[in-house]
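Breakdown of the fold
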Amino acid sequence: MPEVRAPRGRRRPAPLRTAPLRLAVVGSVTAAAAVLAPAAHAAPADDVRINEVVTTGQVNDSIELFNKGTAAVDISGWILKDEKNGSKFTVPAGTTLAAGAVRAFDVSGSFGLGSNDKARLYLPGGGTLVDSFAWSSHSAPSWSRCPDGTGSFGQAPLTLGALNDCGDGTAPEAWPGGSSVATADGSHVIGPDLSGLYEEGSVLWGAQNSGRLWRLVRDGSGGWQPDTTNGWTSGKSLRFPGGTGAPDSEAVTLTAAGAAGGAYVASERNGDASGTSRLSVLRYDVTNGSGTSLTATKEWNLTAGLPAVGSNAGFEAITWIPDATLTTAGFEDESTGAAYDPDRFGAHTGGVFFLGVEGTGSVHGYVLEDGGAATRVATIASGMSGVMELQWEPQAARLWVVCDDTCSGQHRTMRIDADGAFALAAVHERPSGMPDLNNEGFALAAAEECTGGTKPVYWADDGNTGGHAIRRGTVDC
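Residues numbered from 1 in each chain as written. Predicted model: local features only at pLDDT ≥ 70, side-chain atom pairs only at ≥ 80, totals over all residues. Heavy atoms only, no water.

A closer look at unusual backbone geometry
Glycine aside, residues mostly have negative phi angles, and peptide bonds mostly take the trans form. Applied cut-off: In this description a helix means any DSSP run of H or I spanning at least four residues, a strand means any run of E spanning at least two, and both kinds are numbered starting from the N terminus.
For the bond from Cys146 to Pro147, the omega torsion is -5°, close enough to zero to count as cis. Its location among the elements puts Pro147 in the loop between strand 12 (142–146) and strand 13 (152–156). One non-glycine residue, Asn464, lies in positive phi territory at about 55°. Topologically, Asn464 is positioned in the loop between strand 36 (454–461) and strand 37 (470–476).

Dropping the structure here:
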């Protein structure tokens, strides 16, 4: 069983107040002009706590960690043990635990957790004990701290991959829409690795992490099929500026200008150098030309100012929110600590791009200027171990933050609160009629498609289960 990843503390996630980052882009070469944001650090040992332990039940023996501090922590090489010193599990290299985040590890391959046992956490080397928890009976189904990271342990529902169920209003609710889900693409048409979706009226854009962008059109029966015009039949392969490389394209969004303003793709690395992180936003002209490949007209490489993550644990999600929406809501700019002022920046898209990171579960907001500069204006703790998709829903003025099967398909919504920060509004389970798929993409239909109190939503299954990459359901509107 692969590592189980889980979210942040049961307390209401609060944005991190971090310093701004500005980047400069010169031609096709991206250079960091200044890196002022704090990196993951060797934080005080007290910041990281054992948060949940599962010894029997639905999943393999697992131990969950929680970062109750205010900065990301690099926990690479930290060691988990049971009561025996001869058994240990070493946290993989490149593992970062964001502030307010939890992450769970399947330790069953290294040792078993018995009915009268303990879980212990050590710094690298195994000589310094950080935290421990002992019990005298099996979990039923989970031993969980309430509140997360600071409270005492008690029997609670299993929440690996989600916040502990402490009965404080953040336990997941049923999906706010229909329970049934159906396939929405042809059998074995798109294939595996479809990772990000964005609906633009009669077009559904899809980012495939094999370095391909799809333009899908309606098939007349509620689903989607490839556009067979202008070279889009099998999607178009993507390239970095200058026509080189193969972006690991994980997500796609548009601005208020629609496709005419370009498609913005989030990429976590260059497939031709897959062992190195390259956390970038790439702009593509998708309205001209009939060729089968696209070369980015701009790249904003944001790697230098973000906590280090594994090369396959970077950007997974992107969405765009208009400046006018943010200013009306009183959104606070973390780079100034004051109300967001779009006029402070050079020419840009008229909005802020929000990007989700798989490896930390954080969401970062950036103003990407036409001239190449990038300023980080928000850092948001999602409350999940990984963020696989983001969607801004104008109709409801809410930000959807979506996890995949590592969080049992959990969906969260956030709204801007009275302090100008994005705060948790609701936590939802996936629709009961949908299996726990590796859904890395999620898209909502526009308000115009709301009929009888619901509208369509779509998921992209990275695993292409049963030969289908897209599924459709409904959400209340």
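So, next bit.
Points about the side chain of Arg269
The cut-off we apply is this: Exposure classes here rest on a 1.4 Å probe applied to the protein chains alone. A residue is buried below 20% of its type maximum, exposed above 50%, and partly exposed in between. A 3.5 Å cut-off defines polar contacts: any pair of N or O atoms within that distance qualifies, except that in protein one atom must be a possible hydrogen donor and the other a possible acceptor, and neighbouring residues in sequence count only when both atoms are side-chain atoms. By the convention used here, residues are in contact when the closest approach between their heavy atoms is within 4.5 Å.
Residue placement: Arg269 occurs in strand 21 (residues 263–270). For Arg269, a relative accessible area of 17% corresponds to the buried category. A polar atom in the side chain of Arg269 sits 2.8 Å from the side chain of Asp248. Setting aside residues no more than four positions away along its own chain, Arg269 makes contact with Phe240, Ala246, Pro247, Asp248, Ser274, Thr276, Arg278, Ser311 and Asn312.

Considerations on empty space enclosed by the protein
To keep it simple, the criterion reads: Grid points spaced at 1 Å over the protein atoms alone were grouped into cavities, where a 1.4 Å probe fits but cannot get out, and pockets, open sets with protein on both sides within 12 Å along at least five of seven lines, with lining residues defined by an atom within 4 Å of a point. Grid points are joined across faces, edges and corners, and a volume is the space filled by probe spheres set on the points. In this count, Pro and Cys sit with the nonpolar residues alongside Ala, Val, Leu, Ile, Met, Phe, Trp and Tyr, while Asp, Glu, Lys and Arg are called charged and the others, Gly among them, polar.
Overall, the coordinates contain 2 cavities of 30 Å³ or more when judged by the stated rule. Approximately 30 Å³ is the volume attributed to the second largest cavity. Surrounding the second largest cavity, Leu279, Leu306, Pro307, Val309, Val357, Thr360 and His364 form its lining. Here the residues of the lining of the second largest cavity are counted per class, giving 5 nonpolar, 2 polar and no charged.

Structural notes on the confidence of the model for the chain
To keep things clear, this is the line we draw: Within a predicted model, pLDDT stands for the predictor's per-residue confidence, ranging from 0 to 100.
Per-residue confidence for the chain averages 88 on the pLDDT scale, and 89% of its residues sit at or above 70. Confidence drops under pLDDT 50 across residues 1–43; counting only partners more than four residues distant or on other chains, this segment forms 159 contacts.

Examining the sheet that holds strand 4 (residues 62–67)
This is how it is decided: By this definition, two strands are paired if DSSP reports at least two bridges between them. In this description, a line fitted to the C-alpha atoms serves as the axis of each element, helices being fitted only across the stretch in contact, and the angle between N-to-C directions of two axes falls anywhere from 0 to 180 degrees.
With antiparallel pairing, 5 strands are arranged side by side in an open sheet as 9-4-3-12-13. Pairing within the sheet leaves two strands with one partner each, and these edge strands are strand 9 (102–106) and strand 13. Adjacent strand axes in the sheet meet at a mean angle of 30°, parallel and antiparallel pairs treated alike. Relative to strand 9, strand 4 runs antiparallel, the two sharing 5 bridges. Looking at the pairing, Ile63 lines up with Phe105 of strand 9.

Here we look at the pattern of salt bridges
Side chains carrying opposite charge are able to pair once their charged atoms draw close together. As a reminder of what qualifies: When a carboxyl oxygen of Asp or Glu lies within 4 Å of a side-chain nitrogen of Lys or Arg, that pair is called a salt bridge.
Scanning the entire structure with this criterion turns up 15 salt bridges. Close ionic contact of Arg49 with Asp46 constitutes a salt bridge, the shortest N to O distance being 3.5 Å. As a salt-bridge pair, Glu334 and Arg376 come within 3.2 Å of each other at their nearest N and O atoms. Of this pair, Glu334 sits in the loop between strand 26 (332–333) and strand 27 (338–339) while Arg376 sits in strand 30 (residues 374–381), and the two are 42 residues apart along the sequence. Look at Glu334 and you get buried, because its relative accessible area is 9%. Through salt bridges with shared partners, a single network forms among Asp46, Arg49, Lys68, Asp131 and Arg145.

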